[in-house]
Amino acid sequence: MAASIIDGKVIAADLRAQVAGEVTRMKRDHGLTPGLAVVLVGNDPASEVYVRSKHKQTQAAGMASFEHTLSADVAQADLLALIAELNADPAVHGILVQLPLPKRLDTGAVIAAIDPAKDVDGLHPHNAGRLAGGLPALSPCTPLGCIILTKSVHASLEGLDAIVLGRSNLVGRPLVQLLLNENVTVTIAHSRSRNLPELCRRADLVYAAVGKAEMVRGDWLKPGATVIDVGITRVPTVEGQTRLIGDVAFNEAMKVAGAVTPVPGGVGQMTVACLLVNTLRAACAIRGLPAPGV
Ligand code: NAP
């Protein structure tokens, strides 16, 4: 029997609707409009697309959206000065610096300059440390989305075996911590890991966050496994366009797995929806209000 497709579009739309409902309630009951500031440096076309989508979805959820576009040759000091301004701005509850930054800028220093309470990308060492310590934290959006997608298939993740392919600060590492919080048994693999197919075949939950198109084959999967494909590789088509391919050989996975996320239409949809969730959570925490219901 073919696997079911986990529809990230539908699940993300539902999450955005829940956020919009909470924002309406915040405005009515507390006069609070959550605000998200996005900082884009330069004019990388892919980053511009992401920033536009974040802006549109933030406004659609009833939040305030502040966009700051700086030229590619901006000085590090000027970028840090903008972040200091946003840290101090009471209308801004979330700050996201679109990555990657131009190579000559010090990304670590830029992230560290963001007020951890407004760090809706969850990349500040304060939040990464709290997450690793099992404490409440603003967590990176893509791993949060992965957990929600997995829970659309499994009511409880407790005791399941998972493998996370990739150990980046953005995806793999925080995803491992979130899975531990759900009482999952986790293996984390990377470019130096041996016997990846064998490790994958043991897993009930497979998370692929590597960036190698169709690396995970059907025969790497345990029958019935849930497969969450984070990877995005842009490849040219014969028509001269580009299309997106995930880290998992989708058609092969569909014949073995129990449930699979498509690319596009899976994890990517969840990332922006979770950014809205984090902005809402940050706004409530900054205002001293109880955590929202999403
Ligand atoms: P990254 O920082 O480049 O990390 C890639 C990870 O994959 C590294 O840990 C690397 O291992 C590991 N790796 C590389 N080759 C491997 C191999 N042959 N076997 C096993 N592991 C290997 O990438 P990232 O930022 O985490 O992103 C990963 C993918 O997810 C990319 O395709 C990215 O575009 C996509 N992504 C999607 C979303 C979304 O919203 N859908 C969000 C973020 C990222 P080492 O540590 O040993 O180098």
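(A) Looking closely at the overall build of the protein. Along the backbone of the protein there are 10 helices and 11 strands. For the protein, whose C-alpha radius of gyration is 19 Å, the value lies close to the compact-globule estimate of 19 Å for 294 residues. Each of the three principal axes of the protein carries a C-alpha extent, and together these read 50 × 40 × 35 Å. Looking at the protein as a whole, 46% of its 294 residues qualify as buried. At a minimum sequence separation of 6, the contacts of the protein that also span at least 24 residues come to 69%. Counting every atom, the protein has about 13700 Å² of accessible surface; 54% of that belongs to carbon and sulfur. Where the 27 positive side-chain charges of the protein centre and where its 26 negative ones centre are 2 Å apart.

(B) Spotlight on the site of the ligand. Near the ligand lie 20 residues; those nearest to it are Arg167, Ser168, Ser191, Ile232 and Thr271. Between the ligand and Val230, the relevant distance is 3.5 Å, taken from an oxygen atom to a main-chain nitrogen or oxygen of the residue. Thr271 is positioned such that a nitrogen or oxygen atom in its side chain is 2.7 Å from an oxygen atom of the ligand. In the complex, the protein chains occlude 70% of the 930 Å² of accessible area that the ligand would expose alone.

(C) Fine view of the environment of Arg192. Here Arg192 lies in the loop between strand 6 (185-189) and helix 8 (196-201). When the C-alpha atoms of Arg192 and Glu239 are compared, they prove to be 37 Å apart, with 47 residues separating the residues in sequence.

(D) Representation of the pattern of salt bridges. Following the criterion strictly, the structure yields six salt bridges and no others. The residue Asp204 makes a salt bridge to Lys222 at a minimum N-O spacing of 2.8 Å. On the criterion of sequence distance, the pair formed by Asp204 in the loop between helix 8 and strand 7 (205-208) and Lys222 in the loop between strand 7 and strand 8 (226-229) is long-range, its members being 18 residues apart. Since its relative accessible area comes to 28%, Lys222 is described here as partly exposed. The partner of Glu252 in a salt bridge is Arg217, and the shortest N-O contact between them spans 2.5 Å. Of this pair, Glu252 sits in helix 9 (residues 250-256) while Arg217 is found in the loop between strand 7 and strand 8, placing the two residues 35 residues apart along the sequence. When its relative accessible area of 29% is taken as the criterion, Arg217 is described as partly exposed.

(E) Structural context of the sheet that holds strand 7. Read across the sheet, six strands follow the order 1-11-8-7-5-6 without closing on themselves; strand pairing throughout is parallel. Among the strands making up the open sheet, the edge pair consists of strand 1 (4-5) and strand 6. Both strand 7 and strand 8 contribute to a ladder of four bridges, which runs parallel. Residue pairing in the sheet places Ala208 in a bridge with Asp229 of strand 8.

(F) Region of interest: the nonpolar core. One finds Val19, Leu179 and Tyr207 to be the most contacted residues of the largest nonpolar core, which totals 52 residues. At the level of secondary structure, the elements contributing two or more residues to this core comprise helix 1 (8-30), strand 2 (35-41), helix 6 (141-151), strand 5 (161-165), helix 7 (172-181), strand 7 and helix 10 (267-287). Looking at this core, the element that brings in the most residues is helix 10, giving 11 residues. Once residues within four sequence positions are removed from consideration, Leu179 is found in contact with Ile147, Leu157, Ala162, Val164, Val184, Val186 and Tyr207. Ala3, Cys200, Met254 and Ala257 belong to the second largest nonpolar core, which has 18 residues in total.

(G) Here's a closer look at the pairing of strand 10 (residues 242-245). Judged from the four bridges that link them, strand 9 (residues 233-236) and strand 10 form a sheet pairing that is antiparallel. Residue pairing across strands places Thr233 opposite Ile245, the latter belonging to strand 10. Here strand 9 folds back onto strand 10, and the loop between the two strands holds five residues, one of which, Gly240, carries a positive phi near 85 degrees.

What counts and how
Residues numbered from 1 in each chain as written. Predicted model: local features only at pLDDT ≥ 70, side-chain atom pairs only at ≥ 80, totals over all residues. Heavy atoms only, no water. Helix = DSSP H or I, 4+ residues; strand = E, 2+ residues; numbered from the N terminus. Rg over C-alpha atoms; globule rule 2.2 N^0.38 Å. Buried < 20%, exposed > 50% of the residue type's maximum accessible area, 1.4 Å probe, protein only. Contact = heavy atoms within 4.5 Å. Areas by Shrake-Rupley, 256 points an atom, 1.4 Å probe, with all protein chains shown as cover. Lys, Arg positive; Asp, Glu negative; His and termini not counted. Charge placed at Lys NZ, Arg CZ, Asp CG, Glu CD. Near = heavy atom within 4 Å. Polar contact = N/O pair within 3.5 Å; in protein donor to acceptor, adjacent residues only side chain to side chain. Salt bridge = Lys/Arg side-chain N within 4 Å of Asp/Glu carboxyl O. Pairing = 2+ DSSP bridges. Core = buried A, V, L, I, M, F, W, Y, C linked by side-chain atoms within 4.5 Å.

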